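Coordinate analysis (summary)
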Amino acid sequence: MEVGSLPVELWRVILAYLPLPDLGRCCQVCRAWRELIFSLDNTRWRQLCLGCPECRHPNWPSQPHLEPASWREALKQHALASRTWTRNGQELQSSACLLFFRRRKDRRVWHVGPGCEFETLRGALGVVGPYDRVVLHPGVYEEQAEVALKVPVELVGVGRLGEVALLVCIEQQCQTARLCNLVFMPPWFSTVVYKTSWGHVQLDNCNFEGAQLLIRGPGTCQARFCSFSQGSSAHLLGVVLSLLDSCDFSGSDTASVTVEGPPASERNWACKHLAALARTFPSRSNSAPRGPEGGSAGEPDPAGGNMKKENVNMEDWKRQAGGDATCRATVIEDGWSDGEHSDGEEENQEGIINTQKLFTLDYKIPYDHHGLSHLLKTRADGSVPLASSPDPPCVTPEPLTFQQELDRDPEAQMLASSILGCILRRCLFRDGKGGVHLSNYGQARLEENVFRGLNYAVRCIQHSTIVMLRNEVCECRASGVFLRLSAQGLIAENNIHSNGEAGLDIRKGANPIILCNKIHSGLRSGVVVLGNGKGSVRSNLIYNNKEAGVYILFSGNPVVSGNRIFQGQAAGIAVNENGRGLITENVIRENQWGGVDIRRGGDPILRSNYICYGYSDGVVVGERGRGLIEGNQVYCNKGCGVWVMSSSLPQLLGNYIVHNCMYGLAVFCRKDPDTIEAREGNWPGQEGIGGDIGNGERRGVEGENREGQENFNEEGELFAWESDLDSEDERHSARRSVSVALMEGNCVSYNGAVGLFVKSSEALNVFANLVNRNCGPGIAVLQSSQLTRLVTNCVVENGRGGVTVEKDCRVELRGNGIYENRGHGVRFSGSGQIAENDVLGNCGYGIQVSASADIKVVRNRVQPAQGFGIALLGPVKGVVHDNLLFQGHPENKKPLLHTDAGNESCVLRNNSILRPNNSGASSSPWVLDNPPPRPLANSPAGLSSSQYPSRLGISMTTRVGAAVESGCHSGSMFCSIL
C-alpha cells in the first residue's frame, strides 16, 4: 500500500483511529510510513498521551499550559518510566538473541471491590503471586492494622483519580512494587501510609492527603505525577537514589520533602535504572540567565570573559544625572565652596586664556615626561588612556555562561554531573511552610522545580549537599534558599525572585557554588553571607532588590566574582560588621545607594570591579570600614566616586575614579566621640546591624535577624553570632596591619567637583596618584588635625587650583608635580611642609601661603603663567629657602617672590630666580633635569601588572617616589615603602 495513493491529510484521519500497538507496527513498515506516523504528534499522539489514566499532562503541575516539544516523546518517556519496577530480574549477558527465548512472567489480575473476587485489600494480598495485578474498583478501603507486601505486586485503581481511596499503612517487604491511580489517607493509628527500607516502590498518579511516605536506604522510590496535600510529606532517610518527577506538594506543615543522612553503602537493584532515567532528563534551557540588561555577548577578552560594549553618550548621562556633571559650586560645609575663587584668582581670570596661550607657545617648561606621564599619553595603537579620555569606559564584562563556568571549575562540573540522593525534577511546591529540607550529610538534586508561596524553599544544613539547576524560587515569606552548618553544593541557572527575605542566605560555614542565577525583586537583599559563611557567587544577575544585592556581615567570607549587580534600591554590595570577602570583576551599576558600601569593621578585597552609573556614591567606606580597594573602575556615579569616613582605614590602590558628578575621592570626618563610644559599647543588634549607613538598610538587617529567630529557633538553631565570630587578631593576622588610610596609584580624573577632598581628623597618606582635569581643585584639604601626606602625586589641568590647604590643617606636600591648573598651583593656609615640588604653568600664583602658623617651603621649582611665583600673604611664620623660580610670561610684572610688608617672622634665604635671555628663541630656555619633572619614577620595574589586574588595562609600570630629607618623620609608611 503506497502512501502517495491518498492525500496525506486523509491518511492522518484514517490513522487517528489506530490504537497505540498498531501505530507502533505501522512505524515499522517503511520510512515514509514512519514519517507519516510521526506527523500525528499534535493529534493522535496528543490524544493518547492525555488519555492515559496513569499519567497527566507532561508539564503538570508547574506549567500545564505549556505544550511539550513532542507528545510522542512524552508518551515514550512515560512508558519507559512506568516499567522500571519490573526490571529487577538478572540481565542476560551471554547473547542478545536469548532475549527472544526469555520466559515472560505469568501475571494474574485480581479484582477487589463490592461484588468482586475480594472485598478487602488484605484478602487479595494474601493470595497474589509475584508481579500479579490487583485492580481496586471505586470505593474506600480501610485496614485496622498494618498491611505487608511480601511479593512484588501492582496495585491499580479503576476510574478517575479520587474514586479509589486507601486508609491503610503498607510496609513493603519485597523487592519491588507499583501503585497507580490511588488516593492514600492515614489510618487512625499512623500518619505513615507507605514505607520501605530495602525494596523499590513506583508511584504513578497517586494522591497523598495528610499522609507521609517513608523511604529508608537502601530502599528506593520513583514517584511520578503524584500530589502531596493537606500536610503530606515525603521522608527519605539515607537513600542512595530516589526520583520524584512532576509531583505537586501543597499545604505542608513542615518540609514537603525531607532528606536526612548520608546515602547507604548498600544499593538495591533499582539504582542503576533510576540513574539512567535521571541522566536522560531533557533540560528546557542551557543558556545563561539574562535580566533586563541581557544581550548578546561580545568577543571574548584575553582573560576569558565576554565583553559588552555600551554606547555611552555623555550628554545623555549628564541629563540623567540631573545636571551638567560639572562643578556647580558644591557647598560642603562651613561656607567653603569649590566653586569660589580665592584672592588673586579672581583678578587673573579675565586674562587667563590669552596669557595661557602665549605661555604655552613660548615659555612653557616641558614636563610631560614625569613619572606618571604614561597614564596620559596616547598608546601605540592610537587608543586614549582612560585617565585622559573625555569619555567614560564603554566596555564592561558580561557574565560567563553556565558552560563556561563549568569548563573552568572542576568542582562545579563534578557537582553538576552527580546523580546521588533524592532527585526532584519538574515538581511544584506551594502554599506551605517548607519545600525541601536536607540535614546530616543528606544529598539532593533539584531540577526545574517551582517553589512558590512557602516560608522557605530549600534548607540545607549539617554538611549536606544540594544541587539546584533551573528552578524558580519565588514569593517565600522568609529567605528562598538557606544554607547552614557546613552545607555545600551547586546552585545554578535558577530564577530566585520576590522573596520576603534574602534570595539566598548562607551562614555558619556553608560553602556553596552559586552560578548564573537571576536573583531579583526581593523585599530584602539578594544574597546574604554571614556568621562565617563562605561560598563562591559567580556570573549571576542580581538586580532590583530592595536592600543590598550582596550583603556580607558577621565574618562572612565569600568570593563574589563576575556578577552584574544593578538597579538595586540600596547598595550594590554591602560589607558590614566584620564581613570580609573577595569581590572581583563585577559590574555594579545603577544602584540607588553606594555601589559598594563598607562599614563597621568590614574588611573585603575589592578588586577589578566596574562601579558605575549609580544614583549615589560609587564606593562608600563608612565608620570603621577597612579593606583593600584595588584596580577598580569607578565612573559616572551621581555622587562621589569614593566616599571615605576618616575613622576608616581602607587602602585604595590603582583605581580609576573618573567622570563622577561630585568629588572623585572624598575623605570626611563625622566623628562624635560620645556617640562613637556608645556605639562601640553596644552589641550591633541592639541598634540595627551596620551602624548609620541609612535607616532603610539597617532596619532591613535588624528585621532579618528578628525573623531568623522566629523562623528557626524552634528547630534548634541558636541565634548567637558571638560563638561563630573570629577574634580581631585572627581576622587580621593574614593581612598586613594598616594604621593609616592609604590612597596610592589612583587616577582621579574628569570628576564634577574636587578630585581629592579631605576633611578629616585622622592621618592620611596620598601617594603617587594622578589627579587631572577635575572641574574643581585637584586636591582640597579643609580639615586635617592629624598629618595628611601628599607625596609624589601629579595634579594637572584641573578646573580650579591644583592643591588647596585650609587653615589649621597639617599637611606635608612633597615630591608632587602640579601643572597647568586654572587657579593657584598651591594655596596653603595650614602648617607643614611644601618641599621638592614642581609647580609649573598654573594660571594663578605658583604657591600662595597665607595665615600659616608654621610652614617650610623648600627646594621647589616654580613657574607661574602669571602672578606671583611664591606669595607670602599676611603674618606667615616659617622658612622659605632653596627654591628655584622661573619667569613665566614676560608681560607678568608681578615679582616671582612676594612677601607682605611688615612680615618679619618668615625667613627667606637661598632662593633663585631665573629669567629668560633676550635672544628671541622660540623654545623654552629651561629644561627640568637633575631631577627630571616630578613626580619621579623611582624604579623601572615599579608596580607590576600582577598588582593591578590586566582586565582593567592599568599599566602602572613605575613606583613613584621622592627624595626624603633628613628631617622626615621616622617610621612613616612612606619611608617603609622606599
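Residues numbered from 1 in each chain as written. Predicted model: local features only at pLDDT ≥ 70, side-chain atom pairs only at ≥ 80, totals over all residues. Heavy atoms only, no water.

Describing the environment of Lys894
Tracing the backbone shows Lys894 in the loop between strand 74 (884-886) and strand 75 (897-899). The exposure class assigned to Lys894 is partly exposed, which follows from its relative accessible area of 26%. Separated by 25 residues in the primary sequence, Lys894 and Gly869 place their C-alpha atoms 8.6 Å from one another. (Helix = DSSP H or I, 4+ residues; strand = E, 2+ residues; numbered from the N terminus. Buried < 20%, exposed > 50% of the residue type's maximum accessible area, 1.4 Å probe, protein only.)

Let's talk about the pattern of salt bridges
With the rule as written, the count across this model stands at 36 salt bridges. Across the pair Arg425 and Asp245 runs a salt bridge whose closest N-O atoms are separated by 3.2 Å. A residue pair is termed long-range when its members are at least 10 positions apart, and Arg425 in strand 22 (residues 421-425) and Asp245 in strand 17 (residues 241-245) qualify at 180 residues. Pair check on accessibility: Arg425 and Asp245 agree, each one buried. Salt bridges sharing partners connect three or more residues here, namely Arg107, Arg133, Glu154, Arg178, Asp204 and Arg224. (Salt bridge = Lys/Arg side-chain N within 4 Å of Asp/Glu carboxyl O.)

Regarding the environment of Glu447
Take Glu447: it is sitting in strand 25 (residues 443-447). Note on Glu447: relative accessible area 5%, which makes it buried. As a C-alpha pair, Glu447 and Leu424 span 23 residues in sequence and 6.3 Å in three-dimensional space.

Concerning the pairing of strand 54 (residues 665-668)
Here strand 54 shows a buried face lined by Leu665 and Val667 and a second buried face lined by Ala666 and Phe668. Pairing of strand 51 (residues 642-645) with strand 54, which is carried by four bridges, proceeds in the parallel orientation. In the sheet register, Trp643 faces strand 54, and the bridge partner there is Ala666. In this sheet, strand 57 (residues 756-760) lies alongside strand 54 in parallel orientation, the contact comprising three bridges. Directly across from Leu665, in strand 57, lies its bridge partner Leu756. (Pairing = 2+ DSSP bridges.)

A word on the packing of helix 1 (residues 8-15) against helix 3 (residues 31-38)
For the pair helix 1 and helix 3, the least separation of the axes is 10 Å and the interaxial angle reads 70°. In this view, helix 1 runs roughly perpendicular relative to helix 3, as classed from their interaxial angle. On the side of helix 1, the interface is formed by Val8, Trp11, Arg12 and Leu15, while helix 3 contributes Trp33, Leu36 and Ile37. Residue composition of the contact of helix 1 with helix 3, by class: six nonpolar, no polar and one charged. (Axes fitted to C-alpha atoms, helices over the stretch in contact; angles between N-to-C directions. Parallel < 35°, antiparallel > 145°, perpendicular 65-115°, else oblique. Contact = heavy atoms within 4.5 Å. Nonpolar A, V, L, I, M, F, W, Y, C, P; charged D, E, K, R; others polar.)

Here's the deal with the confidence of the model for the protein chain
When pLDDT is averaged across the protein chain, the result is 80; 76% of the residues are at 70 or more. Here residues 91-95 scores under 50 on pLDDT; set against residues more than four positions off or in separate chains, the count is five contacts. Throughout residues 294-305 the model reports pLDDT below 50, and contacts reaching past four residues in sequence, or to other chains, amount to 19 contacts. (pLDDT = per-residue confidence, 0-100.)

Brief notes about the packing of aromatic side chains
Summed over all chains, the structure comprises 17 aromatic pairs. A ring pair is formed by Phe208 and Phe228, whose centres lie 4.7 Å apart and whose planes are at 0°; its orientation type is stacked. Linking Phe208 in strand 12 (residues 207-209) with Phe228 in strand 15 (residues 227-229), this pair joins segments that are 20 residues apart in sequence. Exposure remark for Phe208: the relative accessible area of 0% places this residue in the buried category. Phe228 gets classed as buried once you look at its relative accessible area, which sits at 0%. (Phe/Tyr/Trp six-rings, centres within 6.5 Å; stacked < 30°, edge-to-face > 60°.)

A few points about the pairing of strand 71 (residues 861-864)
Alternating residues of strand 71 divide into Arg861 and Gln863 and Val862 and Pro864, and every residue in both groups is buried. The sheet contact formed by strand 68 (residues 838-842) and strand 71 spans four bridges and is parallel. Paired with Asp838 across the bridge in strand 71 is Arg861. Across two bridges, the pairing between strand 71 and strand 74 is parallel. In the strand pairing of strand 74, Arg861 is matched with Leu884.

Thoughts on the side chain of Ser256
Here Ser256 lies in strand 19 (residues 255-260). On the basis of relative accessibility, which here comes to 2%, the residue Ser256 falls in the buried class. Excluding anything up to four places from it in sequence, Ser256 contacts Ser233, Ala234, Phe249, Phe429, Gly434 and Gly435.

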